[in-house]
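In case you want the letters, here they are:
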Amino acid sequence: MHKFIHKLIDRLPLDFRILYRQFLLRVVDLEALSIQADVVGFLGQFAGVLIMLSLIHSLVTYIGFWVFSAPAEHLAFCWHMEHYLISTTMLVIGLITVVSWDATFPDRRDVMVLSPLPVAPHTILLAKMAASAAVSGLAILALNVASGVILPLLLGVQPGPAWGFIQSLAAYWFTVVAASAFLYCSVLTIQGFTSLVLPRRIFLRLSAFLQLAAFGLFLGVYFAQPLLTDPVSLADPRNHWVLASSPSYWFFALFNQLNGSWPAQFSWLASRAWIALGLAVTGAASSLLLCYIHTMKKTVEEPDLVPGAGGLHCLSSFGNSLQTAVALFSIRSLTRSRQHRVAFAFYLAFVFGLALSLLRGEMAAAAYSPVSMDLLISTFLMMFFAVAGLRNVFSLPISLTANWVLRTTQLRPSEDYVAATRRSLLLLAVVPVWLLSFALSLRFRPIPHVAVHLAVLALLGCILAELCLIGFYKVPFTCSYLPGKANIQLIFWGFIIVMIAFVVPAAQFELSALTVPLKAAFMLSALGALFWALWIFNRHRAKSAVIYFEEIPDQVITTLGLSA
Amino acid sequence: MLELQHLYRSFRGIPAIEDVSFQVAPGEIVGFLGPNGAGKSTTVKIITGMLRPNDGRVLFAGQDIAKDMVAFRAALGYVPEEAHLYDYLSGLEYLQLVGRLRGLGEALIEAKATRLLKLLNLESWQYSPISTYSKGMRQRVLIAAALLHDPKLLIFDEPLSGLDVVSGRLFKDLLELLAAQGKAVLYISHVLEVVEQVCNRVIVIAKGRVLADARPADLVKLMSLPNLESVFAQLVEQQDTRTLAQEMVEVMQIGRS
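Residues numbered from 1 in each chain as written. Chains lettered and ligands numbered in written order. Predicted model: local features only at pLDDT ≥ 70, side-chain atom pairs only at ≥ 80, totals over all residues.

Novice: Can you break down the overall build of chain A residue by residue, with the values?
Specialist: Counting its regular elements, chain A contains 23 helices and two strands. Contacts in chain A between residues far apart in sequence, at least 24 positions, make up 82% of those at least 6 positions apart. (Helix = DSSP H or I, 4+ residues; strand = E, 2+ residues; numbered from the N terminus. Contact = placed C-beta atoms within 7 Å.)

Right, dumping it as structure tokens:
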């Protein structure tokens, strides 16, 4: 088999093979993920995680299938698992489209490097498409490798065991591939037509925000969309708009239609899947074709340098000059570096989606809701993830070779640098989450309870910021070094696990304190004292600290490994 | 103003510089010359405080810079050899960052940065990201950043790299004016013709050791050679470049039938 595949690959033109290998390295946005060209290792780990998920899914499906034996419960469970597996596949493909954002379209580097070479544009297009398809295919296969067999096996009992299984299996795999193709092609269509309509410079700026918007949308929809996988919810007219606007339900219906297990009254949902798939594929094909005809020419013709527009000049003061310098440097690094933006958005989108799903009921209610565990837990989690996520992102260096300027201009004591970093943490994580929590709290009453909770949240944000500053003697985005060479990812996830374990009892305590003024005063005083102690501790330690800078540049050469 | 005393630095036991000593007085432009790998960058890194010497010391205004690095950095303007900048910032934003890090007031930064960018012909591109700048434009941003705080000591490492003819001439005039204002200038370059024109004194370093420290005209006269380039070639025992070039052409032609 291995030899056969190699023979097959060897029959492909050499220029296609070389470009395919090169584009495969770039399908995954190296800049966004900061994986230092170890794409093979990254894909292996990625597939491993998905296979593990698939095994867990199949185990849950198998157990649930036999546990829920009552007909109504059984049907609801089966439909829930079907929808869950399809929407999870769509989410994974959605996230792949985010990290491989510009991979299918010709960029300036491709045009400038490949144009002088004897390579036809259609070879570039096909190689890029093949590379994207390879990564997406790997993801679909890995995520469904076990569940994509178990679910059809359990469902395929009608009309006869063998035929039913084959029908379910074919229906399932067709559906997950179709749903993934729909999502991928929709993103390509939007990107393609935007690049055709807008001037290239504006498109490039907009593209970064589109990428973030898509990221938030995929995660937001996945977590926030209501569960309507039972006949009663599906038939409820109040849910019509949700069903009509949610692609995961269209493809859930498509699977059941192909499987022959779908009530005729909901066939309109399956029809939507077919129409959406047709439109997305047609849109992607035409926009890609037009892009390769027009954009490549536009890219060559565009000037190397055009005047830019002034940016954050109105926001020129965030304290003293060092604090302003570090804060603006942090804001600009975070907003202009795709790697940092996507990494931070990952932390935010995940927890904000979770928070929104927790507060869905209260937000939709006509009357004010009492301050609840949901509000406390969701705002705590948002604060934890935002502060810890930003601290994590601060440790991703942005341009090591440019750090010399910070070293040669280090004119102030190290505690001033720690204070400037503190201000950036507060400004970029604590304040936005607090403001969002304030906006969410407007739906809750009584006002004194809300006010106490907001005070608690502000103090908690400050305490978390101080915790993150322990041992953090560096300017954000300039250094990945940690004392003791600790693994930042391990620290981050360890911190999150500890915090999640802490969230529920903390929320229970706060909820009980809200009704007892003395207890509330004690809680606020204790938090204030803790914050003050941490602040003193950090300030004292920073006085004798040395600010670290890293100046070893990244490896820039990658090999294609085409030689035997 | 700047005095290097017996600097020694090794990497993994291999000496990069040995017994490097020289001075740069206020109002003086000193050329620092040497072939690739001679130890120029190591010396400059030690002077700028980015590297510590294994032995020897650097004095500024009579004080060891290691004892008060902050005061030294405040007086130093530095243009590095490679134009490494934060690419996603615009030229103006970069100068603002440097000005703020140096503790200059907002109004002063604004006035100086915009004026310098205008004088260096970067006004139209001041809001464009540096990633779109040419090498010469990046070099001009670095020069502006080095001048922003009116330093007493200036170190220019290959400042003409990427600059066009007009900018190059402007820079030479600038050097002379800076020296006339009493600034001490250490000028590192491979363009010996310019060094000969603008420097009061040259220091030639090779294999980590100072080989010569004299006025360019005195060196030329002493060694009875036509120009500084010939002096440099003889001092650092450069190989016969013509023979080397011939060998390269021969390698290129290997396999030609």
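Novice: Describe the sheet that holds strand β6 (residues 76–79) of chain B, and please don't skip the residues or the numbers.
Specialist: Residues and elements named next belong to chain B. One open sheet holds the six strands; their spatial order is β6-β7-β8-β3-β9-β10, and the pairing between them is mixed. With partners counted over all chains shown, the strands left at the sheet margins are β6 and β10 (209–214), one partner each. The mean inter-strand angle of the sheet, taken between neighbouring strand axes irrespective of direction, is 15°. In this structure, strand β9 (residues 201–206) lies alongside β10, joined through five bridges in antiparallel fashion. Residue pairing across strands places I205 opposite V210, the latter belonging to β10. Seen against the sheet, helix α1 (residues 40–47) touches β3 (29–33), β7 (153–157), β8 (184–188) and β9 and runs at an angle of roughly 150° to β7. (Pairing = 2+ DSSP bridges. Axes fitted to C-alpha atoms, helices over the stretch in contact; angles between N-to-C directions.)

Novice: A description of the sheet that holds strand β5 (residues 63–64) of chain B should follow, citing residues and the corresponding values.
Specialist: Residue and element names in this part refer to chain B. If you walk across this open sheet you meet the four strands as β2-β1-β4-β5, and the pairing is antiparallel. Either end of the sheet is taken by a strand with one partner, and the two such strands are β2 (14–24) and β5. Here strand β4 (residues 55–60) pairs with β5 via two bridges, running antiparallel. Following the sheet pairing, L59 is matched in β5 by D64.

Novice: Outline the domain arrangement of chain A, listing residues and values.
Specialist: Residues and elements named next belong to chain A. With domains assigned, chain A is organised as domain 1 (16–300) and domain 2 (322–543). Computed over C-alpha atoms, the centres of domain 1 and domain 2 are 33 Å apart. Taken together, the contact pairs 13 residues of domain 1 with 13 residues of domain 2. Contributing elements (two or more residues each) for the side of domain 1 that touches domain 2: α3 (30–33) and α10 (200–224). When residues in the side of domain 1 that touches domain 2 are grouped by element, the largest group, nine residues, is from α10. For the side of domain 1 that touches domain 2, the residue count by class is eight nonpolar, three polar and two charged. (Domains from an automatic or database assignment. Nonpolar A, V, L, I, M, F, W, Y, C, P; charged D, E, K, R; others polar.)

Novice: Which residues make up the interface of chain A and chain B, and what values go with them?
Specialist: With 28 residues of chain A at the interface, the matching set in chain B holds 31 residues. Every element with two or more residues in the side of chain A that touches chain B is listed here: α15 (321–336) and α19 (404–408) of chain A. It is α15(A) that contributes the most residues to the side of chain A that touches chain B, seven residues altogether. Tallied by class, the residues present in the side of chain A that touches chain B amount to twelve nonpolar, twelve polar and four charged.

Novice: Give a description of the packing of helix α5 (residues 71–99) of chain A against helix α8 (residues 147–155) of chain A that names residues and reports values.
Specialist: Residue and element names in this part refer to chain A. For the pair α5 and α8, interaxial distance at closest approach is 12 Å and the crossing angle is 155°. Relative to α8, the element α5 lies roughly antiparallel. Where α5 crosses over α8, the two elements pack in a sense that is left-handed. From α5, C78, M81, E82 and L85 reach across to α8, where they touch S147, L151 and L155. Tallied by class, the residues present in the contact of α5 with α8 amount to five nonpolar, one polar and one charged. (Parallel < 35°, antiparallel > 145°, perpendicular 65-115°, else oblique. Left-handed = near helix turned anticlockwise from the far one by under 90°.)

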